[in-house]
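A look at the structure
Below, each chain spelled out in residue letters.
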Amino acid sequence: MITGKLITFEGIDGSGKSTQIKLLEAEFEKSGISYKTFREPGGTKLSEKIRAMLLDKENIELYSNAESLLFAAARAQLTAEQIKPALTKGECVICDRFTDSTIAYQGYGRGLNINKLELMNAIATDGLIPDVTFILDIDPEKASERMQTEAADRMESGGIDFFQKIRQGYYQIREQNQSRCIVINGEKSQKDISEEIHHIIMERFKKELSCSY
Ligand code: ADP
Ligand code: TYD
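Described below are features of the structure shown in this document.

About the thresholds
Residues numbered from 1 in each chain as written. Chains lettered and ligands numbered in written order. Predicted model: local features only at pLDDT ≥ 70, side-chain atom pairs only at ≥ 80, totals over all residues. Heavy atoms only, no water. Helix = DSSP H or I, 4+ residues; strand = E, 2+ residues; numbered from the N terminus. Contact = heavy atoms within 4.5 Å. Areas by Shrake-Rupley, 256 points an atom, 1.4 Å probe, with all protein chains shown as cover. Lys, Arg positive; Asp, Glu negative; His and termini not counted. Charge placed at Lys NZ, Arg CZ, Asp CG, Glu CD. Near = heavy atom within 4 Å. Polar contact = N/O pair within 3.5 Å; in protein donor to acceptor, adjacent residues only side chain to side chain. Nonpolar A, V, L, I, M, F, W, Y, C, P; charged D, E, K, R; others polar. Axes fitted to C-alpha atoms, helices over the stretch in contact; angles between N-to-C directions. Parallel < 35°, antiparallel > 145°, perpendicular 65-115°, else oblique. Left-handed = near helix turned anticlockwise from the far one by under 90°. Buried < 20%, exposed > 50% of the residue type's maximum accessible area, 1.4 Å probe, protein only.

1. Observations regarding the overall build of the protein
The secondary structure content of the protein amounts to 8 helices and 5 strands. N-terminal to C-terminal, the α/β element order of the protein is β-α-β-α-α-β-α-α-β-α-α-β-α. Principal-axis analysis of the C-alpha atoms places the extent of the protein at approximately 50 × 35 × 30 Å. Once local pairs closer than 6 in sequence are excluded, the contacts in the protein between residues at least 24 apart make up 79%. Of the accessible surface of the protein, which amounts to about 10,600 Å², a share of 52% is contributed by carbon and sulfur atoms. The distance from the centre of the 28 positive side-chain charges to the centre of the 33 negative ones in the protein is 3 Å.

Structure below.
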């Protein structure tokens, strides 16, 4: 039986997900909460190999359907090999991206059929749905300024228009999943965002998380 909580972070590239995950990990450590963190695509030996293929700028010939299926394959492996076993042990799982990234990027970004992608997600996760999802919302121009020092990967080469569509896509996802998804203003200070997220998690799951000490 699954008793742990699955917490996912979403948002466009450079929205501050990794930063906030590190801050949340520090809070969990302070409180002695048992957790595991994974990034998507990735998190297992096989899924990291798929990640390398997906982000390699040389792979310009990759079709959108093939891209979606590769993300799904990486997710299926990660869910079965790592996420479900950890949740079954009662651990909290933090994921840097999950199913909503496919809907936002391949659905709203690339224009693929959302219903088909949802079915693909359901197959990949065997029906697992996050307990809470934080969508870090930021203007794509600002996110791009934040990432100026890093070389862009294949997905990041999509341009500002691509990221505008994805940002709007995340708003739609939030509309359709109001109890699960929370949009956070990613342009606030790291500390303010982190306090907001920690507060929401504690408010929702304090009882369950304190059992995993
Ligand atoms: P993501 O994981 O979503 O791609 P990161 O956490 O790696 O984003 O952040 C991208 C860049 O923006 C990093 O250089 C990080 O230090 C910076 N950053 C993160 N959060 C903030 C914030 N709230 N305000 C200003 N800069 C931030
Ligand atoms: P990553 O560097 O992990 O993202 P970030 O820059 O936000 O830290 O790269 C993962 C890329 O893959 C990112 O551009 C989002 C994209 N992606 C999809 O298009 N679909 C998906 O299902 C997932 C999980 C990621």
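From this point, the discussion proceeds with the structure in view.
2. Side note on the site of ligand 2
Taken together, 15 residues surround ligand 2, and among them Asp13, Lys17, Arg97, Thr102 and Gln106 come closest. Measuring from an oxygen atom of ligand 2, one finds a side-chain N or O atom of Arg75 at 3.0 Å. Between ligand 2 and Thr102 there is a distance of 2.6 Å, counted from an oxygen atom to a side-chain nitrogen or oxygen. Protein burial of ligand 2: of its 550 Å² of free accessible surface, 92% is covered by the chains. Considered class by class, the residues forming the shell around ligand 2 number 5 nonpolar, 3 polar and 7 charged.

3. A look at the packing of helix H3 (residues 64-88) against helix H5 (residues 114-125)
For any two helices packed against each other, one specifies the inter-axial angle together with the distance between the axes. For the pair H3 and H5, interaxial distance at closest approach is 7 Å and the crossing angle is 30°. By the criterion of interaxial angle, the relationship of H3 to H5 is roughly parallel. Once H3 is placed against H5, the crossing between them reads as right-handed. Touching Ser68, Leu69, Ala72, Arg75, Ala76, Thr79 and Lys84 of H3 are Leu117, Met120, Asn121, Ala124 and Thr125, all from H5. Residue composition of the contact of H3 with H5, grouped by class: 6 nonpolar, 4 polar and 2 charged.

4. Here's the deal with unusual backbone geometry
Between Glu40 and Pro41 the backbone carries a cis peptide bond, its omega angle lying at -10°. Residue placement: Pro41 occurs in the loop between strand S2 (35-39) and helix H2 (45-55). Even without being a glycine, Arg97 presents a positive backbone phi close to 80°. Along the chain, the position of Arg97 falls in the loop between strand S3 (92-96) and helix H4 (99-109). Despite not being glycine, Asp126 has its phi angle at roughly 55°, a positive value. When you line up the elements, Asp126 lands in the loop between H5 and strand S4 (132-137). The exposure class assigned to Asp126 is exposed, which follows from its relative accessible area of 63%.

5. Some points on the site of ligand 1
Every residue lining ligand 1 is accounted for by Gly14, Ser15, Gly16, Lys17, Ser18, Thr19, Arg146, Gly186, Lys188, Ser189, Gln190 and Ile193. A distance of 2.9 Å separates an oxygen atom of ligand 1 from a polar atom in the backbone of Gly14. In isolation ligand 1 has 560 Å² of accessible area, and contact with the protein removes 69% of it. Breaking the shell around ligand 1 down by element, the ones donating at least two residues are helix H1 (17-31) and helix H8 (190-210). Top contributing element to the shell around ligand 1 by residue count: H1, with 3 residues. Taken together, the residues that form the shell around ligand 1 break down as 1 nonpolar, 8 polar and 3 charged.

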